[in-house]
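Working through the structure, step by step
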Amino acid sequence: MPHDHAHVHIDPKSGDRRVSVAIWANALLTVAQIIGGILSGSLALIADALHNFSDMASLVIAFAARKIARRPPDSRMTFGYGRIEIVAALINYVTLILVGFYLIYEGGMRIIDPPEVAGWTVVILGIIALAVDLLTALLTWSMQKGSVNIRALFLHNLSDALASVAVILGGALILLYDLRWVDPAITILIALYILYLALTEIGGPIRTLMLGSPPDIDSAAVIAAMRGVEGVHDVHHVHLWQMQEHEAALDCHVVVSREGWTRLETVKAAIKKELKQAHGIGHSSLEFEHIDHAHANAALYGHGMAGEEHGGDEHARHEHH
């Protein structure tokens, strides 16, 4: 479950040092590649430079996000600042998508009219780029398993390393066979791979920011578990979401039987224990209703009335009873 990863815990200061080293390495590489791309006439090299620049920007965003995320909750942000890392990941994926589309356009123009390309410059800078990409990927490898923010960075660098290999290959083919069309063709392949990575990963941050239920928590199973607690007659107005990347939360109304009402604290403790142990939900807010005074016709999910937009869920709820 995303809220209960067995991920490697890295000291925050050590993690910050890793990210800052990666920022400087990518900044120097970006400058070198842009100069080299202009001098050699290689679009693939400039494409790789743009990708590295987006990496540097995403590293800066991630670095700032890591710092901000550690702030404690306050009156302005009562849930804390942890979600800033989800926002950072979303920004990084959107940047990747924009870069990908731009490179496809430029590569298409270059295939129509292939320019002269200085192969040696491309190969040498491609090798340097590959070294920096592998260094950055190595620095963030163990950190990415427990953070969507750092995972966005890691995928950036993984795609960069593959792009650098493609650039080296393209420069070699230009040197050996004068195949000038290879440079823009490789650019387009790099761009397609960038788009594939970004579009397959962007759904997670969007779902979290939209307050979607955690993807690996079965909401039906959670509801069934709460209904199964002795003294619980039913539940409604259920909200499941992720407060932060690894912290799932739930709030709902619990309809308690007459017998359960006499031992409400016991019922509440049993529900919370079930949510925590069986489903990893550590934060739950429960509102209790006596069966004789329960909301009539309440929707199972959300906070509206059944039949407004949740008729199917409500029908299932009545079928249960």
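Scoring rules and cut-offs
- Residues numbered from 1 in each chain as written.
- Predicted model: local features only at pLDDT ≥ 70, side-chain atom pairs only at ≥ 80, totals over all residues.
- Heavy atoms only, no water.
- Helix = DSSP H or I, 4+ residues; strand = E, 2+ residues; numbered from the N terminus.
- Buried < 20%, exposed > 50% of the residue type's maximum accessible area, 1.4 Å probe, protein only.
- Contact = heavy atoms within 4.5 Å.
- Areas by Shrake-Rupley, 256 points an atom, 1.4 Å probe, with all protein chains shown as cover.
- Axes fitted to C-alpha atoms, helices over the stretch in contact; angles between N-to-C directions.
- Parallel < 35°, antiparallel > 145°, perpendicular 65-115°, else oblique.
- Left-handed = near helix turned anticlockwise from the far one by under 90°.
- Nonpolar A, V, L, I, M, F, W, Y, C, P; charged D, E, K, R; others polar.
- Phe/Tyr/Trp six-rings, centres within 6.5 Å; stacked < 30°, edge-to-face > 60°.
- pLDDT = per-residue confidence, 0-100.
- Core = buried A, V, L, I, M, F, W, Y, C linked by side-chain atoms within 4.5 Å.
- Salt bridge = Lys/Arg side-chain N within 4 Å of Asp/Glu carboxyl O.
- Patch = residues over 30% accessible without salt bridge, like charges linked within 9 Å, V, L, I, M, F, W, Y side chains within 5 Å.
- Pairing = 2+ DSSP bridges.

Quick notes on the overall build of the protein chain
The helix and strand tally for the protein chain stands at 11 helices and 3 strands. Sorting the 321 residues of the protein chain into buried and exposed places 49% on the buried side. Taking the contacts inside the protein chain whose residues are at least 6 apart along the sequence as the reference set, 75% of them involve residues at least 24 apart. When the accessible surface of the protein chain is split by element, carbon and sulfur atoms take 65% of a total near 15600 Å².

Remarks on the packing of helix 3 (residues 84-112) against helix 6 (residues 182-201)
The N-to-C vectors of helix 3 and helix 6 enclose an angle of 160°; their axes lie 8 Å apart at closest approach. With respect to each other, helix 3 and helix 6 are oriented roughly antiparallel. Helix 6 is crossed by helix 3, and the crossing has left-handed handedness. Contact residues: helix 3 offers Y93, L96, I97, G100, F101, L103, I104, G107, G108, R110 and I111, while helix 6 offers P184, A185, T187, I188, A191, L192, I194, L195, A198, L199 and E201. Here the contact of helix 3 with helix 6 is composed, by residue class, of 16 nonpolar, 4 polar and 2 charged.

What about the packing of aromatic side chains?
Under the defined criterion, the tally for this structure stands at 1 aromatic pair. Here F79 and W241 contribute two aromatic rings whose centre-to-centre distance is 6.4 Å and whose plane-to-plane angle is 90°, an arrangement assigned as edge-to-face. With a gap of 162 residues between them, F79 in the loop between helix 2 (43-69) and helix 3 and W241 in strand 1 (residues 232-244) connect regions that are remote in the sequence. Note on W241: relative accessible area 13%, which makes it buried.

Here we look at the confidence of the model for the protein chain
Considering every residue of the protein chain, the mean pLDDT works out to 80; 86% of them sit at 70 or more. Here residues 1-10 scores under 50 on pLDDT; set against residues more than four positions off or in separate chains, the count is 27 contacts. Across residues 309-321 the pLDDT falls below 50, and counting only partners more than four positions away or on other chains, this stretch makes 19 contacts in the model.

Regarding the nonpolar core
Ranked by size, the top nonpolar core spans 28 residues in total, and within it Y93, L103 and I190 carry the most contacts. Counting residues per element, the ones that place at least two in this core are helix 2, helix 3, helix 4 (119-141), helix 5 (148-177) and helix 6. Looking at this core element by element, the count peaks at 8 residues for helix 6. Every residue in contact with I190, bar those within four places of it in the chain, is listed here: A163, A166 and V167.

So, unusual backbone geometry
Leave glycine aside and you will find that most residues have negative phi; peptide bonds, for their part, are mostly trans. Even without a glycine there, the phi angle at D178 is positive, about 55°. Within the element layout of this structure, D178 appears in the loop between helix 5 and helix 6. Here L211, not a glycine, exhibits a phi torsion of approximately 60°, which is positive. Within the element layout of this structure, L211 appears in the loop between helix 7 (203-209) and helix 8 (219-227).

Let's talk about the pattern of salt bridges
Under the defined criterion, the tally for this structure stands at 5 salt bridges. The salt bridge partner of R227 is D234, with a shortest N-O separation of 3.0 Å. Here R227 falls in the buried class, since its relative accessible area comes to 14%. Through salt bridges that share partners, E230, E259 and R263 make up one connected network.

Structural notes on a nonpolar patch on the surface
Judged by side-chain polarity, W120, I124, I128, L175, L176 and Y177 come together as a nonpolar surface patch covering roughly 690 Å² of accessible area. Of all elements in the fold, only helix 4 and helix 5 reach the threshold of two or more residues within the nonpolar patch. Among the structural elements, L176 can be located in helix 5. For L176, a relative accessible area of 61% translates into the label exposed.

Digging into the packing of helix 8 against helix 10 (residues 264-279)
The contact between helix 8 and helix 10 brings their axes to 9 Å, and the two run at 145°. Judged by the twist between their axes, the crossing of helix 8 over helix 10 is right-handed. Of the residues in helix 10, those in contact with A221, V222, A225 and M226 of helix 8 are I271, E274, L275 and H279.

Side note on the sheet that holds strand 3 (residues 283-290)
Ordered in space as 1-2-3, the 3 strands form an open sheet in which the pairing is mixed. A single partner strand is all that each edge strand has here, and the edge strands are strand 1 and strand 3. Here the strands of the sheet are splayed against their neighbours by 10° on average, with no regard to which way each runs. Here strand 1 runs beside strand 2 (residues 247-256); their pairing, made up of 9 bridges, is antiparallel. Looking at the pairing, H236 lines up with H253 of strand 2. On the sheet, helix 8 packs against strand 1 and strand 2 and is oriented at approximately 135° with respect to strand 1. The strands touched by helix 10 are strand 1, strand 2 and strand 3; relative to strand 3, the strand with the most contacts, the crossing angle is about 145°.

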